[in-house]
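Spelled out, the chains give:
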Amino acid sequence: METRARALQLFIRRATLHIAGKPSREIDVEPIVIGRNEGADVVLEDNEVSGVHCELRAVSEGIQVRDLGSTNGTFCGPVRIREAIIADRAELTVGTSRLVLEPAGKKRVDLGYSDRFGSIVGATPNMRRVFSTLEKISATELSVLVLGETGTGKEGVARSIHDASLRKQGPFMVVDCASIPPTLAESILFGHEKGAFTGANERRDGALSEANSGTLFLDELGELPIDLQPKLLRALAERQVKRVGGTSFEPIDVRLVAATRRDLSSEMNAGRFRSDLYFRIAQVRLEIPALRERLADLPLLVEEICRRMGRPKAASVVHDWIERRMSAHDWPGNVRELVNVVSVAATLADTPEAIDDVLLLRQDAEPEQSTQLATAFSEAKRRALTAFERNYFIDLNKRAKGNVSEMARRSGMERHHVRAYLRKYGLDKGSV
């Protein structure tokens, strides 16, 4: 698919931030974090201010103010703000400090020409903004924190960063922090010596060493055990690791990309995530929008998924079906859910009437419909659906090695739905 030739532009409404005793600062596209922590963009020496308190960013409507899970809140007059857009001059209160926002005029922002970056596609302004940032930072050595809901494509973004970097010839290692057993977390990251613990029958490198000269992607960073976080921070800062049970350090040369669906700001303020590690990793913060926030990208996404499946001609049929049958759907599983839907629909695109029977939930069907005698055709479709479901979950179970959380992540389904299908087809006995 060819890249679109027209560049997108938008206008943002900037403001100047005034705080007594500090230099004035312009609020632009990049967010400004305000807090007591020394890693914040604007540090306030105010005991009533949280470590990371609030965030300010210029958008087209004005200044977006977002509280970051602070203890004492962010206020505009008597109104406590969770998230708001301020278009005029305003005074904010954080702790006992006053922040004055003074409008500073409009600024044109060029979002570039690209409707894709690596494996990620999208033509909406919020995705073009993501691509513009990726193009600027991929060739650098900056650590990147990718934020977004489950299924938005955070791992694809991380891999695309690696593929566009100077490290692309090196390894791309993935560690899912959510699936690490706490007792093995240190060994998985740093490696271990033979005999370091029960079951350590041989010396092994950890993920940091295996990613040497390449990129390490820490998925679900917010799940990393708190006692392991200072060790990871030290390894990143000193660029060396020591295996569990070892006595010497070995140098590492690794770029770190991490992702999370958790609100790490709230986690830091609650003491469940170390702020020094956060600011070390989040040199660049990149937020991937949910699919419901970029529904205009659906035709492009459907076309791309069908192309990757080897069924490009099915795209129009699939998109037409989604428009007719799922126009009110908010895609809670995001792009991962869309991939699953398109994969099934594209497979059945030669007989479009069968897509309804496979993909639509029949729970709200009229009672008389459910009691109709099965025709030869409908019975064949029922059997095809059963075979599809069984084969899908057998394959999913094998690829996830029986891990229900991993199956939920890959399928874009809730865990209790996955367990129901496993029970339905007798796959809940630990067979992989």
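Residues numbered from 1 in each chain as written. Predicted model: local features only at pLDDT ≥ 70, side-chain atom pairs only at ≥ 80, totals over all residues. Heavy atoms only, no water.

**Comments concerning the pattern of salt bridges**
Here's step 1: Here the structure, examined in full by the defined rule, presents 32 salt bridges.
Here's step 2: Taking the shortest distance from any N to any O, the salt bridge between Glu-55 and Arg-66 comes out at 3.4 Å. Note that Glu-55 is positioned in strand β5 (residues 54-59) and Arg-66 in strand β6 (residues 62-67), a separation of 11 residues in sequence.
Here's step 3: Here Arg-66 falls in the partly exposed class, since its relative accessible area comes to 23%.
Here's step 4: Ionic pairing is found between Glu-304 and Arg-308, a salt bridge with its closest N-O pair at 2.9 Å. You can see Glu-304 and its partner Arg-308 sitting in helix α8 (residues 298-309), 4 residues apart, about one turn around the helix.
Here's step 5: Within the structure, one salt-bridge network assembled from shared partners comprises Asp-115, Arg-116, Glu-304, Arg-307 and Arg-308. (Salt bridge = Lys/Arg side-chain N within 4 Å of Asp/Glu carboxyl O. Helix = DSSP H or I, 4+ residues; strand = E, 2+ residues; numbered from the N terminus. Buried < 20%, exposed > 50% of the residue type's maximum accessible area, 1.4 Å probe, protein only.)

**A few points about the confidence of the model for the protein chain**
Here's step 1: Confidence in the prediction of the protein chain, expressed as mean pLDDT, is 87, and 91% of residues score 70 or more.
Here's step 2: In the model of the protein chain, helix α12 (residues 367-370) stands out as the element of lowest mean pLDDT, 38, in contrast to strand β10 (residues 90-94), which has the highest, 97.
Here's step 3: Between residues 1-5, whose pLDDT stays under 50, and residues either more than four places distant or in other chains, the model counts 13 contacts.
Here's step 4: In the model, residues 361-375 has pLDDT below 50 throughout and makes 2 contacts with residues more than four positions away in sequence or in other chains. (pLDDT = per-residue confidence, 0-100. Contact = heavy atoms within 4.5 Å.)

**Observations concerning the packing of helix α9 (residues 315-325) against helix α10 (residues 334-347)**
Here's step 1: Two elements in contact, α9 and α10, have axes whose closest approach is 9 Å; the angle formed by their N-to-C orientations is 120 degrees. Relative to α10, the element α9 is oriented oblique. α9 and α10 meet at a crossing whose hand is right-handed. Mapping the contact onto sequence places Val-318, Trp-321 and Ile-322 in α9 and Leu-338, Val-341, Val-342, Ala-345 and Ala-346 in α10.
Here's step 2: Considered class by class, the residues forming the contact of α9 with α10 number 8 nonpolar, no polar and no charged. (Axes fitted to C-alpha atoms, helices over the stretch in contact; angles between N-to-C directions. Parallel < 35°, antiparallel > 145°, perpendicular 65-115°, else oblique. Left-handed = near helix turned anticlockwise from the far one by under 90°. Nonpolar A, V, L, I, M, F, W, Y, C, P; charged D, E, K, R; others polar.)

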